[in-house]
Amino acid sequence: MTSDIETLDALGLLCPLPVLKARKRLKSMPVGGLLRVLADDPAAVIDVPHYCTESGNKLISQEDTGNHQIYVIQKT
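Criteria and thresholds
Numbering of residues begins from 1 in every chain and follows the order in which that chain's sequence is written. Local features in this predicted model are restricted to residues whose pLDDT is 70 or higher, and side-chain atom pairs enter the listing and the counts only when it is 80 or higher, whereas totals over whole chains, interfaces and linings include all residues. Excluding hydrogens and water, the side-chain figures rest on all heavy atoms present in the structure. Under the scheme used here, helices are H or I runs from DSSP no shorter than 4 residues and strands are E runs no shorter than 2 residues, and both carry numbers assigned from the N terminus. Computation of the radius of gyration draws on C-alpha atoms alone. For the globule rule, the value is 2.2 Å times the number of residues to the power 0.38. Here, a salt bridge means any side-chain nitrogen of Lys or Arg that lies within 4 Å of a carboxyl oxygen of Asp or Glu. For each residue, the accessible area found with a 1.4 Å probe, counting protein chains only, is set against the maximum for its type, and the residue is called buried under 20%, exposed over 50%, and partly exposed in between.

**Points about the overall build of the protein**
Regarding its fold elements, the protein presents two helices and four strands. Reading the protein from its N terminus to its C terminus gives the helix and strand order β-α-β-α-β-β. Relative to the compact-globule value of 11 Å for 76 residues, the protein shows a C-alpha radius of gyration of 11 Å, a close match. Expressed along its principal axes, the backbone C-alpha trace of the protein runs to roughly 30 × 20 × 15 Å.

And the structure:
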């Protein structure tokens, strides 16, 4: 597993773009890689965890900063 965390800035993007961009980025990452997704779309609170469940990738953390959310996803 790598200790580097890639960041995807999906701020300002509406559903389904944050998840689609995360999926595309994760495809190019090695197994075990970590992706930090920044999103402010209210639907991301549902969409990102659902995507992780459906894709088999692991949602490591989910944090709400007040004006946006931060998700850390590990590619499996």
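**Things to note about the pattern of salt bridges**
All told, the structure shown has one salt bridge when counted by the stated rule. R25 is paired through a salt bridge with E6; the nearest N and O atoms lie 3.4 Å apart. Linking R25 in helix α1 (residues 17-27) with E6 in strand β1 (residues 5-10), this pair joins segments that are 19 residues apart in sequence. The class of R25 is partly exposed, set by a relative accessible area of 26%.

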